[in-house]
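# Remarks on the overall topology
Chain by chain, the residues run as shown.
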Amino acid sequence: MSSLLHPSSITGTSTDQNTSELEISNTALEIEIKNRNPTLQSSNSGGIVGGNEGVFLTWKDLWVTVSSGKNCSRRILQGLTGYAKPGELLAIMGPSGCGKSTLLDALAGRLSSKTRQSGDILINGQKRTLAYGTSAYVTQDDALMTTLTVREAVHYSAQLQLPDSMTVAEKKERAELTIREMGLADAVNTRIGGTGLGAGSKGLSGGQKRRVSICIEILTRPKLLFLDEPTSGLDSAASYYVMSRIADLDVQSRRGGGAGRRRTVVASIHQPSSEVFQLFDSLCLLSAGKTVYFGPASAADEFFTRSGFPCPTHQNPSDHFLKTINKDFDQVQDIEQGLPVRTEEAIDTLVKSYKASESYQQVQRQVTEICSTKQGNCGALEKQRSHAGFLTQCLVLTRRSFINMYRDLGYYWFRLAIYVVLSIGLGTIYTNIGYTNGSIQARSSLIMFVASFLTFMTIGGFPSFVEDMKVFGRERLNGHYSATSFVVGNTLSAQPYLIMIALVPGALAYFLPGLRHGYEHFIYFVIVLYACMMLVESLMMIVAGLVPNFLMGIITGAGIQGVMILGGGFFRLPRDLPQLFWRYPLYYISFHRYAYQGLFKNEFEGMVYPGEALGRTHEISGEEILRNEWQVEMSYSKWVDLAVLLGMVVLYRILFLVIIKTAENFKTIVAVFATAARPKIQIMENPMATPSHGEKKAVDMW
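Counting from 1, residues in each chain are numbered in the order their sequence is written. Under the rules for a predicted model, residues below a pLDDT of 70 receive no local features and side-chain atom pairs below 80 are neither given nor counted, while totals for whole chains, interfaces and linings still include all residues. The side-chain quantities take in all heavy atoms of the structure and omit both hydrogens and water.

Identification of the protein as ABC transporter-like from Trema orientale is taken from an unreviewed UniProt entry. Per UniProt, the comment on the protein under Sequence similarities (unreviewed entry) is "Belongs to the ABC transporter superfamily. ABCG family. Eye pigment precursor importer (TC 3.A.1.204) subfamily." UniProt positions are given in the numbering used here, feature names are shortened, and annotations may be inferred rather than shown by experiment.

A word on the packing of aromatic side chains. Put simply, two rings from Phe, Tyr or Trp (the six-membered ring, in Trp's case) pair if the centres are within 6.5 Å, and we call them stacked under 30 degrees between planes, edge-to-face over 60, tilted for the rest. Taken as a whole, this structure holds 35 aromatic pairs when the rule is applied. Ring geometry for Tyr406 against Trp413: centres 5.9 Å apart, planes inclined by 85 degrees, an arrangement best described as edge-to-face. To sort residues, take the accessible area from a 1.4 Å probe on protein chains only and compare it with the maximum for the residue type: under 20% means buried, over 50% means exposed, and anything in between is partly exposed. The exposure class of Tyr406 is exposed, given its relative accessible area of 52%. Residue Trp413 is classed as partly exposed on the basis of its relative accessible area, which comes to 28%.

A few words now on the pairing of strand S8 (residues 224-228). Helix and strand assignments follow DSSP, with helices taken as H or I runs no shorter than four residues and strands as E runs no shorter than two, numbered in order from the N terminus. Counting buried positions along S8 yields five of five residues, so the element is predominantly enclosed. Side-chain alternation along S8 places Leu224, Phe226 and Asp228 on one buried face and Leu225 and Leu227 on a second face that is also buried. Paired strands are those between which DSSP finds at least two bridges. By the bridge criterion, four bridges tie strand S7 (residues 135-138) to S8 in an arrangement that is parallel. Each bridged residue has a counterpart across the sheet, and for Ala136 the counterpart in S8 is Leu225.

All right, on to unusual backbone geometry then. A cis amide bond links Tyr584 to the next residue, Pro585, at an omega of 10 degrees. Among the structural elements, Pro585 can be located in strand S15 (residues 584-585). If you check the backbone angles, Glu229 has positive phi at about 45 degrees while not being a glycine. Of note in this structure, Ala288 is not a glycine but carries a positive phi near 55 degrees. With respect to the helices and strands, the residue Ala288 is situated in the loop between strand S10 (282-287) and strand S11 (290-296). The class of Ala288 is partly exposed, set by a relative accessible area of 29%.

Side chains of Arg75, Lys290, Lys327 and Lys355 sit close together on the surface and give a patch of like positive charge. One can find Lys290 in strand S11. Surface patches are defined over residues having more than 30% relative accessible area and no salt bridge, joining like charges when they lie within 9 Å and nonpolar side chains (Val, Leu, Ile, Met, Phe, Trp, Tyr) when within 5 Å. To measure how exposed things are, a 1.4 Å probe is used in the Shrake-Rupley method; for residues, cover is taken only from the protein chains shown. By salt bridge we mean one thing: a side-chain nitrogen of Lys or Arg within 4 Å of a carboxyl oxygen of Asp or Glu. Positive charges come from Lys and Arg, negative ones from Asp and Glu, while His and the chain ends are left out of the count. The atoms used to mark charge sites are NZ of Lys, CZ of Arg, CG of Asp and CD of Glu.

Looking now at the environment of Ser439. By the element assignment, Ser439 lies in helix H14 (residues 439-456). The buried category is assigned to Ser439, whose relative accessible area is 1%. As a C-alpha pair, Ser439 and Tyr609 span 170 residues in sequence and 8.9 Å in three-dimensional space. Those residues in contact with Ser439, other than ones at most four positions away along the chain, are Ile433, Gly434 and Tyr609. What makes two residues a contact is simply this: any of their non-hydrogen atoms within 4.5 Å.

In structure tokens:
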């Protein structure tokens, strides 16, 4: 194993956007290869357990299958056995489609409801659920709030994850320390996604974003860390820097608190460079869901040589391993015998060689020893840690979301500009419509446009909200906060912007045409416009919970609103609507009905307009217009319509909350019914289900 490359050897260049992310000095590249973890060599003697504190993770005879059709299933993992122990970095490696991510998800409890799992996954020899903050999972995709700086992103996450027993200053100190641990001190004031305004606003590089993701997940000092392909999409220099920081986490944790704080790190990785490969303590090499090799990474080359597939001189060992076991290639060259061998034959040879080797027997003994020695030893798992309180979570999420909305031009600012242009257009088309008989139709058309199409534009913020949902999905799975806190924070942070959007364009659309005089009527007009925008936002939030793809979501949301507008009672009067569907139930559940009727009452009630009948001029009351022209329900006041709109806002938000809280449970129920008639296999409740931490906290905070 190589000694770690410390920050002094690598210079991050986050402030210079025209250069590469990293500049690795020649001195750093010429460091002597040394053994990073001396305890590894003694592991073969059976002494891996004694004296080591932390989380020992073992899995035995692990099978994972996925449904591939009626009464058919496909094996993803086939009888895997292995272990991960404190103070070591275990790399899960193999070609694409070999089951790396599936194994990682199985160990972390993140398998989808469509998969079936059997076998034993134990923590310190027991089937148990890790307490919140004891484990963390870094996903392959960096789901980060791109409008925040590095410092803001980590600080806000610290305030959410760390308990209220810690002061704000202590949380900030923990955040700053974590930022320095991951080598991001020079980029603390850089926005993750850049400003998008001119040169020098590009934001963080891919490697820096990956390190920010790791920063956020290690704030609670987890004893078990999972990483899904942390070097994906990075160049060799960035990959080395990220992995060296990950490997260095255990060294730093030991410096900070002794052996009792040693961290177990499990990472899936696709094709590491030779420098990255030297950082691994243990290697789990998979092909087609089977174990080709498990043991010390430094001994893998020798295993391949004994099996008849030696690594050529000057070739990266990991490249050789992957080329040998990759089914995408028709054949490989058996260098020892000089004969071409098909890839599947090579894989079978290696699997049989592994099962007949001393390494395989050693793994079986180590798993048994860990389970027998560590069973009942829960000291390393500590007691249940706590999040920040519900009120703290709501305040922090509100503040973070408000800043995100302020900096994201597409969230509200661009929509405000569009609203202003449309309102000016309405004002110029309907300038001084007056109070003549012809103004009745003009006022009605204006009100309809405002209540329908002006609020329709609210779907423009859907892409930004989908990005928020991605961040929420990652943070929720890792148990950072409850779903209720997220909904409350998002709702509160949006209020100033929605009020501004309702007030400014509303004033232009109200006063330029000359709608009914009186500020009480204008205030009602603005409140209805605000309620309609809140309803459309709430509707799009529900769509986002069901259809996460933003393009499909926009189409779905637009279609739902279009149907509601048709059934709202303007294009077709209420008594003329077909009874089936359009009147019952659509007319009564469409919020456009209450918006139209409330605004019509606000405009026409108590007014008198001139009219003609039998060649003579006479007066027409506003009530008569409402009753006869627009078939408005006159049995209740306009305030009831407003109350219904506000009630629907609350109902839609609660419905969104229910959807995001029960989405996983619903998928599980569907999967159970779908597979009820299929052959049964042993199903084990995964003891490491990270989502259960977040779910449990969410339920507690309801």
